[in-house]
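Each chain, letter by letter, is given below.
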Amino acid sequence: MTRRSCAIYATGFVSAHLLIVGIALVVAQVFQTMIHSRLKKEITLTEKSQVFESWKNPPPPVYMEYYFFNVTNPEMFMAGGKASVKQIGPYTYREYRPRENVTFLENGTKVYALNPKTFVFVPEKSVGDPEVDIVRTVNIPFVAIMNELNSYSFFLRTLVSMYINSLGVEMFMTRTVHEVLWGFKDPLLTKVHSLKPEVDEYFGLMWKKNGTHEGEFVFHTGEQNYLDYGKIDTWNGLREMSWWSSNQSNMINGTDGAVFHPLINRNELLYIFAADLCRSIHLAYVEDVDVKGIQAYRFAPPNDVLMSPKNNPTNAGFCVPAGDCLGTGVLKVSVCREGAPIVVSFPHFYQADPAYINAIDGLNPNKEEHETYLDLQPTTGVPIRACKRAQLNIILKRVKGFPKTKNITETIFPIMFVNETATIDDESAGQMRSLLLIVTLVSNFPVLIVGLGIILLLVFLVLFCRNRQKKVGTRFGDGARPAVNPCAKPSTVSFTKANISQSCS
């Protein structure tokens, strides 16, 4: 056997083995299983984990955009007409949210942490100066006091109403954006404070929330089960709440929205506990998206999250007291926020009952501007882009003993909404793309082996066929190829070893 033949058969031997090994690895998913196993071990909230530092000090910048509904016709509303509002904003703040007092518990299977939030105004991303711009909105302290007195006698309510009138306090107030957001000394609360010192004389939607945290959290590190990675074990020492009217509604499910377990699939529901909403919500897969060259799954709250109990009976537990339910798209959270009858919804009552939208002029709900969503890289579970949008509303209705409210129509009145956004920074995006490239190459290594085996098989077949043709030709020696007389019949063709003579008669 010549060297050429040996090389050809060696090529065939190697290609056969590559195909066998490659196909076996593809079927067994050895490398994919190895990568998944490594991810489950590496993506944990432990000090040795590569993701721990980014969890402790999140690198992507978080921005809070505040939009307010300026009331343009308060007199008409108080007379029984429909209120008209005009959206103003955004007033944007950079949010800093490092984890503090991080302490590992139970042999590293759980971790305790506080998450204080600090806000810094960003002028270049805002429409104006919040300390100068004026907004007319509902006087929430006034409504809170009326709501508190609703259970008292008519006589007492009448006396309080007369006293409030003497102070010149109205249902609507005009303040700067900064005052409404970060607080001001309210004249009505100041009077109450003199009688009940425990009542704060300052009011603001974000009063005492700059530099403070939403509670004490204990998280699962994922050390025991990767599916528990980042899930909340306790919040303020509680494993379940007590405000709502059913056990299911009181459950604290999911993570705080900062991290999710790796290897996410499109069919699962993701749970987030929102302390500001006093409840857990779930998100469902919507579509595949691309963020800075990174493939991600978009998850968003489905319609049933704030659906009326008439259409989604599981939401009956959020009616407090039991049976006292609002319609689709709104949630009363005053059960965990003492004072005014506060209601939350998506901005402009997006996904809500049309009755709430039509009750106010100036609302225009749409998916692009008002949907909450989360874009997750499915392999690592890392949030690539997030957009949390929520609206604060208050219930305005007639209260006996307060003559100013006698003509108003009960309305869930919008105050403001917030658009909280975060997108992975360019440096982290580059690192993520590099990591995913390595994961893809390693996971598809068996496919590369199969591909190489197919190429070598083709090379083997070409060389083998050429070698066979050459052997057939060399049997006749140099010049020994048969010649055909074009003038002769097929039977007159003759062969000689030395020369071939042809004749035509």
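Conventions we followed
- Residues numbered from 1 in each chain as written.
- Predicted model: local features only at pLDDT ≥ 70, side-chain atom pairs only at ≥ 80, totals over all residues.
- Heavy atoms only, no water.
- UniProt positions renumbered as here; feature names shortened; annotations may be inferred.
- Helix = DSSP H or I, 4+ residues; strand = E, 2+ residues; numbered from the N terminus.
- Buried < 20%, exposed > 50% of the residue type's maximum accessible area, 1.4 Å probe, protein only.
- Contact = heavy atoms within 4.5 Å.
- Core = buried A, V, L, I, M, F, W, Y, C linked by side-chain atoms within 4.5 Å.
- Pairing = 2+ DSSP bridges.
- Disulfide = S-S within 2.5 Å.
- 1 Å grid on protein atoms, 1.4 Å probe; cavity = no way out; pocket = protein on both sides within 12 Å on 5 of 7 lines; lining within 4 Å.
- Points joined across faces, edges and corners; volume = space filled by probe spheres on them.
- Nonpolar A, V, L, I, M, F, W, Y, C, P; charged D, E, K, R; others polar.
- Axes fitted to C-alpha atoms, helices over the stretch in contact; angles between N-to-C directions.

- Going by the annotation in an unreviewed UniProt entry, the name recorded for the protein is Scavenger receptor class B, member 2a, with Oreochromis niloticus given as the source organism.
- In its Sequence similarities (unreviewed entry) section, the UniProt entry covering the protein states "Belongs to the CD36 family."
- The Subcellular location (unreviewed entry) field of the UniProt record for the protein holds the comment "Membrane".

1. Brief notes about the overall build of the protein
Move 1: Within the protein one finds 12 helices and 20 strands.
Move 2: Taking all 505 residues of the protein together, 44% fall into the buried category.
Move 3: Counted over contacts in the protein with a minimum sequence separation of 6, partners at least 24 positions apart contribute 64%.

2. Topic: the nonpolar core
Move 1: Within the largest apolar cluster, 101 residues are counted, with the highest numbers of intra-cluster contacts made by Tyr 66, Phe 68, Ile 394, Leu 396 and Phe 413.
Move 2: Here this core takes seven residues from helix H5 (residues 140-149), the largest share from any one element.
Move 3: Sequence-distant contacts of Ile 394, that is, excluding residues within four places in its chain, are made with Val 138, Ile 140, Val 143, Ala 340, Pro 341, Ile 342, Thr 411, Ile 412, Phe 413 and Ile 415.
Move 4: Listed in part, the nine residues of the second largest apolar core include Val 289, Val 291, Met 432 and Leu 436.

3. Quick notes on the pairing of strand S20 (residues 411-423)
Move 1: Along S20, 11 of the 13 residues are buried, which leaves the element largely enclosed by surrounding structure.
Move 2: Taken together, the seven bridges between strand S1 (residues 62-71) and S20 define a ladder with antiparallel strand orientation. Bridge pairing in S20 places Val 62 opposite Ala 422.
Move 3: Where strand S19 (residues 383-396) and S20 come together, 12 bridges link them in antiparallel fashion. Looking across to S20, one finds that Arg 389 is bridged to Asn 419.

4. Here's the deal with the state of the cysteines
Move 1: For the structure shown, the criterion picks out two disulfides.
Move 2: Disulfide pairing places Cys 278 opposite Cys 336 at an S-S distance of 1.7 Å. Looking down the S-S bond of the Cys 278 and Cys 336 bridge, the torsion is 80°, so its handedness is right-handed. Highlighted residues: Cys 278 in the loop between strand S12 (270-274) and strand S13 (279-291) and Cys 336 in the loop between strand S15 (330-332) and strand S16 (342-345), separated in sequence by 58 residues. Cys 336 carries the same exposure label as Cys 278, and that label is buried.
Move 3: Here Cys 319 connects covalently by a disulfide to Cys 325, the sulfurs 2.0 Å from one another. Between Cys 319 and Cys 325 the sulfur-sulfur dihedral comes to about 115°; the bridge is accordingly right-handed.
Move 4: Counting only the cysteines that form disulfides, in the order they appear in the protein, gives the pairing 1-4, 2-3.

5. Observations concerning unusual backbone geometry
Move 1: The linkage connecting Gly 89 with the following residue, Pro 90, adopts the cis geometry, with an omega of 10°.
Move 2: Cis geometry is adopted by the peptide bond preceding Pro 321, which originates at Val 320 and carries an omega value of -5°.
Move 3: Topologically, Pro 321 is positioned in the loop between strand S14 (294-300) and S15.
Move 4: The phi torsion at Leu 263 lies on the positive side, around 60°, for a residue other than glycine.
Move 5: Structurally, Leu 263 can be placed in the loop between strand S11 (232-235) and S12.
Move 6: Even without being a glycine, Cys 278 presents a positive backbone phi close to 60°.
Move 7: Accessibility expressed as a relative area gives 2% for Cys 278, which makes it buried.

6. Concerning the environment of Lys 125
Move 1: Turning to its location among the elements, Lys 125 is positioned in the loop between strand S5 (118-121) and strand S6 (134-138).
Move 2: Under the relative-accessibility criterion, Lys 125 is labelled partly exposed at 42%.
Move 3: Sequence-wise, Lys 125 and Thr 92 are 33 residues apart; in three dimensions their C-alpha atoms are separated by 5.8 Å.

7. A word on empty space enclosed by the protein
Move 1: In this structure the tally under the stated criterion is three cavities of 30 Å³ or more.
Move 2: If you add up the space inside the largest cavity, you get close to 180 Å³.
Move 3: In this structure, the largest cavity is lined by 18 residues; those nearest its centre are Phe 318, Cys 319, Leu 326, Val 330 and Leu 331.
Move 4: Take the lining of the largest cavity: its biggest share by element is three residues, from S15.
Move 5: Here the residues of the lining of the largest cavity are counted per class, giving 12 nonpolar, three polar and three charged.

8. Considering the sheet that holds strand S10 (residues 217-220)
Move 1: The strand order across the open sheet formed by four strands is S3-S4-S10-S11, and the pairing between neighbours is antiparallel. What marks the edges here is a single partner per strand, and that holds for strand S3 (100-105) and S11. Direction aside, the axes of adjacent strands within the sheet are offset by 20° on average.
Move 2: Relative to strand S4 (residues 110-114), S3 runs antiparallel, the two being bridged by four bridges. What sits directly across from Thr 103, in S4, is Tyr 112.

9. Observations regarding the layout of surface pockets
Over the atoms rolls a probe the size of a water molecule, and its path tells where empty space is left.
Move 1: Here the second largest pocket defines a volume of roughly 330 Å³.
Move 2: The wall of the second largest pocket is formed by 19 residues, among which Asn 147, Lys 332, Pro 341, Ile 395 and Lys 397 lie closest to the centre.
Move 3: Elements with a minimum of two residues in the lining of the second largest pocket: H5 and S19.
Move 4: If you tally residues by element for the lining of the second largest pocket, the top one is H5, at three residues.
Move 5: Here the residues of the lining of the second largest pocket are counted per class, giving 11 nonpolar, four polar and four charged.

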